[in-house]
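Fold and contact review
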Amino acid sequence: MTRPATTRSQQKAATRDRMLAAASELFAEHDYADVTIADIATRAGVAHGLLFHHFSNKQGIYRAVLDGVVAQMDSAFTTPVGADTPTVIRAALRTHLSYLATHRGVALRLIVGRRHPDPTVAAVSERGRTRALTALAESLGLDPTNKLMQFVGATLVAAFDEASSWWLNDPDPIPVDALVTSFIELGIGALKGVQHLEGCPDLHGPLATLSSAAAMDHRKRTT
């Protein structure tokens, strides 16, 4: 009897997920150059040919792993309609950092991914940052296409990447909530650095929102 198409489709999807999970583990444990298709196939318990069928090559499955990581991190910056913006910003950064901490290996690869020799891998890494910055800008009522806001975004991405990498490698890391506050304070400083430049939008509202978000941690520590 021929199996239903839906069952075959489900089996195919399950096999693909198993290969992605195996690849994610291996890329978290080892440098990209040290992982082979054979390693992934063995970890996933599938034939080598299946990996080539689904992903074409090692770079293809690496990009798929990074896509999954980026999608998970994107979800942290989804702002519910009507939500309290300072609370949402803190929660988004905390969720983002907590995800990095629990997926440390892949997170570090993603940060390094910006400098990956394969431009498509670098693009996956960059797209995640762009979407997160866009969501953050829009939650603050800022235009993410404004030239100065793009400059602020690029500055913050560089600072956050280096800080996140340092934090993930620190044997005695700063508490997540304290790091969230530091990141928010960096954002405040970056915006203040451009507020008097020509073409800068009115930043009183965004700065007040970020200050409220930073103050939440200060109030919590003094109560």
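This section reports on the structure supplied with the text. (Residues numbered from 1 in each chain as written. Predicted model: local features only at pLDDT ≥ 70, side-chain atom pairs only at ≥ 80, totals over all residues. Heavy atoms only, no water.)

**Re the overall build of the chain**
For the record, the criterion: Secondary structure counts use DSSP, requiring at least four H or I residues in a row for a helix and at least two E residues in a row for a strand, with both numbered from the N terminus. For accessible areas, the Shrake-Rupley method is used with a probe of radius 1.4 Å. Any residue's cover is judged against the shown protein chains and nothing else.
When helices and strands are tallied, the chain shows ten helices and zero strands. Listed N to C, the secondary structure of the chain is α-α-α-α-α-α-α-α-α-α in terms of helices and strands. Accessible surface, the chain as shown: approximately 12100 Å² in total, 57% of it carbon and sulfur.

**Structural notes on the environment of Val-176**
Definition in use: Here, residues are in contact when the closest pair of their heavy atoms is within 4.5 Å.
Position of Val-176 among the secondary structure elements: in helix α9 (residues 176-192). Along the backbone, Val-176 and Arg-94 are 82 residues apart, and their C-alpha atoms lie at a distance of 6.6 Å. Apart from residues no more than four positions distant in its own chain, Val-176 is found in contact with Arg-94, Leu-97, Ser-98 and Trp-167.

**Details of the packing of aromatic side chains**
For any pair of aromatic rings, geometry is given as the distance between the ring centres together with the angle between the planes. How we decide: Here a Phe, Tyr or Trp ring, Trp counted by its six-membered ring, pairs with any other such ring whose centre lies within 6.5 Å, and the pair is stacked when the planes are under 30 degrees apart, edge-to-face when over 60, and tilted otherwise. Accessibility here uses a 1.4 Å probe with only protein chains present; expressed as a share of the type maximum, an area under 20% marks a residue as buried, one over 50% as exposed, and anything in between as partly exposed.
Scanning the entire structure with this criterion turns up four aromatic pairs. Relative to Tyr-62, the ring of Phe-27 has its centre 4.8 Å away and its plane inclined at 75 degrees; by these criteria the two rings are edge-to-face. Here Phe-27, found in helix α1 (residues 5-29), pairs with Tyr-62, found in helix α4 (residues 58-76); they are 35 residues apart in sequence, far enough to count as distant. Pair check on accessibility: Phe-27 and Tyr-62 agree, each one buried. On the basis of an interplanar angle of 10 degrees and a centroid distance of 4.2 Å, the ring pair of Phe-160 and Phe-183 is categorised as stacked. A residue pair is termed long-range when its members are at least 10 positions apart, and Phe-160 in helix α8 (residues 147-169) and Phe-183 in helix α9 qualify at 23 residues. Of the residues examined, Phe-160 reaches a relative accessible area of 17% and is grouped as buried. Taking relative accessible area as the criterion, Phe-183 reaches 3% and is therefore assigned buried. A network of ring pairs unites the aromatic residues Phe-27, Tyr-32 and Tyr-62 as a single cluster.

**Quick notes on the packing of α8 against α9**
Filter applied, for reference: The axes are straight lines fitted to the C-alpha atoms, using for helices just the contacting stretch, and the angles between their N-to-C directions are given from 0 to 180°. Angle categories: roughly parallel below 35 degrees, roughly antiparallel above 145, roughly perpendicular from 65 to 115, and oblique for all the rest. Helix crossings get a hand from a simple test, with the near helix turned counterclockwise from the far one by less than a right angle marking a left-handed crossing and a clockwise turn marking a right-handed one. Residues are sorted three ways: Asp, Glu, Lys and Arg are charged, Ala, Val, Leu, Ile, Met, Phe, Trp, Tyr, Cys and Pro are nonpolar, and all the rest, Gly among them, are polar.
Between α8 and α9, whose axes approach to 10 Å, the crossing angle comes to 155 degrees. Between α8 and α9, the angle is such that the two are roughly antiparallel. Classified by chirality, the crossing of α9 by α8 is right-handed. Contact with α8, carried on its side by Met-149, Val-152, Leu-156, Ala-159, Phe-160, Ala-163, Ser-164 and Trp-167, involves Val-176, Leu-179, Phe-183, Leu-186, Gly-187, Ala-190 and Leu-191 of α9 and no other residues of that element. The residue makeup of the contact of α8 with α9, split by class, is 13 nonpolar, two polar and no charged.

**A short note on the side chain of Asn-146**
Tracing the backbone through its elements, the reader meets Asn-146 in the loop between α7 (119-139) and α8. Other than its neighbours up to four places away in sequence, Asn-146 contacts Gly-199 and Pro-201.

So far we have only geometry, and geometry alone does not tell us how the molecule works.
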